[in-house]
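# Residue-level structure breakdown
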Amino acid sequence: MSGDGTGRSDDESEQNASLPGQAPSERPHPEARRNTDGIRIDPVVEAEHEPRRAVVSALVDHEPGVLAQVSGLVSRRQFNIESLTVGPTTVDGHARITMVVEETDPGIDQLKKQLRKLSAVISAGEIAGETVSRELVLVKVRGDAPEQVQAITEMYDGETLDAGPRTITVELTGDEARIDAAIDAYRQFGIVEIARTGETALARGDVPTTPGEQPAPGCDTDDRERTAQPSADDGSAVPTEPAARTDGGERRPTK
């Protein structure tokens, strides 16, 4: 044993001295903190992320119970959802769910992953790039100044749906900023009730709104020039094969 009190033998010290590179005591050591269990804390994961607004679109099977699955997921995971709309698509049996969320980037990624795990979800993803979005709102205001209400309605390209001696109900469509501005303008008359649908959106141009989404059958010129789809001898539709899934587990949308 050596006489320096470290417990290392002279042979071990000589062996370390012969190895190339820095001595163990001179090598850099990670500065990451550890939690109470001694597990090192990843600074990237621990970093605080600012929430941002994102539009997530999901293609789902259009069948009973799907909305309950999605809303249950949102409730369990406590995602901050601003609005949720659902409606059919160009493919029979499919529906599109559009959600506007206010979440951090890890939260948005988690929402997309959890959605893709649901059996009724065909594909899901954030709408990338530029989007075309609209929202519809019905506003019922007091009818004491019908001419002024009509002037604001025309200013925002709205339509009067009902006008009575006490209330006026108007319909407006537009993006969120335009809708908010119109509502602010109506406040001077006294807003009785508001019903907003929430934002729905599509990706601009040829970019698919959800990952892997295919254009509607027959929308292209070549498709329109083709003959009708083949049918069975008895005139019934040809059954389609079950949708395959990608390597990432997403179902390939039916064309």
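Residues numbered from 1 in each chain as written. Predicted model: local features only at pLDDT ≥ 70, side-chain atom pairs only at ≥ 80, totals over all residues. Heavy atoms only, no water.

Attention now moves to the sheet that holds strand 2 (residues 81-88). Taken in spatial order, the four strands make up an open sheet running 2-3-1-4, and their pairing is antiparallel. The outermost strands of the open sheet, each flanked by one partner alone, are strand 2 and strand 4 (121-126). On average, each strand axis in the sheet is tilted by 15° relative to the strand beside it, whichever way the strands run. Direction of pairing for strand 2 relative to strand 3 (residues 94-103): antiparallel, over a ladder of seven bridges. (Pairing = 2+ DSSP bridges. Helix = DSSP H or I, 4+ residues; strand = E, 2+ residues; numbered from the N terminus. Axes fitted to C-alpha atoms, helices over the stretch in contact; angles between N-to-C directions.)

The grouping of Leu67, Leu84 and Val86 at the surface amounts to a nonpolar patch, some 230 Å² of accessible area in total. Take Leu84: it is sitting in strand 2. What makes Leu84 partly exposed here is its relative accessible area of 31%. (Patch = residues over 30% accessible without salt bridge, like charges linked within 9 Å, V, L, I, M, F, W, Y side chains within 5 Å. Areas by Shrake-Rupley, 256 points an atom, 1.4 Å probe, with all protein chains shown as cover. Salt bridge = Lys/Arg side-chain N within 4 Å of Asp/Glu carboxyl O. Buried < 20%, exposed > 50% of the residue type's maximum accessible area, 1.4 Å probe, protein only.)

Here strand 9 (residues 200-203) shows a buried face lined by Ala201 and Ala203 and an unburied face lined by Thr200 and Leu202. As paired strands, strand 5 (residues 131-142) and strand 9 are joined by four bridges and run antiparallel to one another. Bridge pairing in strand 9 places Arg134 opposite Thr200.

This next bit is on unusual backbone geometry. Even without being a glycine, Gln78 presents a positive backbone phi close to 60°. Looking at the element boundaries, Gln78 is found in the loop between helix 3 (66-77) and strand 2. Its identity is not glycine, yet Asp157 carries a phi of approximately 55°, on the positive side. Note on placement: Asp157 falls in the loop between helix 5 (146-155) and strand 6 (159-163).

Before going further, it helps to examine a positive patch on the surface. Taken together, the side chains of Arg76, Arg77, Lys113 and Lys117 present a region of like positive charge at the surface. Relative to the assigned elements, Lys113 resides in helix 4 (residues 105-117). We classify Lys113 as partly exposed; its relative accessible area is 48%. (Lys, Arg positive; Asp, Glu negative; His and termini not counted. Charge placed at Lys NZ, Arg CZ, Asp CG, Glu CD.)

What follows concerns the pattern of salt bridges. Scanning the model with the defined rule gives 13 salt bridges in all. Across the pair Arg53 and Glu82 runs a salt bridge whose closest N-O atoms are separated by 3.2 Å. Taken together, the residues Arg53 in strand 1 (residues 52-61) and Glu82 in strand 2 connect sequence positions 29 residues apart. The partly exposed category is assigned to Arg53, whose relative accessible area is 35%. In this structure, the salt-bridge partner of Glu176 is Arg53, at a minimum N-O distance of 2.9 Å. Note that Glu176 is positioned in helix 6 (residues 176-186) and Arg53 in strand 1, a separation of 123 residues in sequence. Each of the salt bridges in this network shares a partner with another, and the network as a whole consists of Arg53, Glu82, Glu176 and Glu199.

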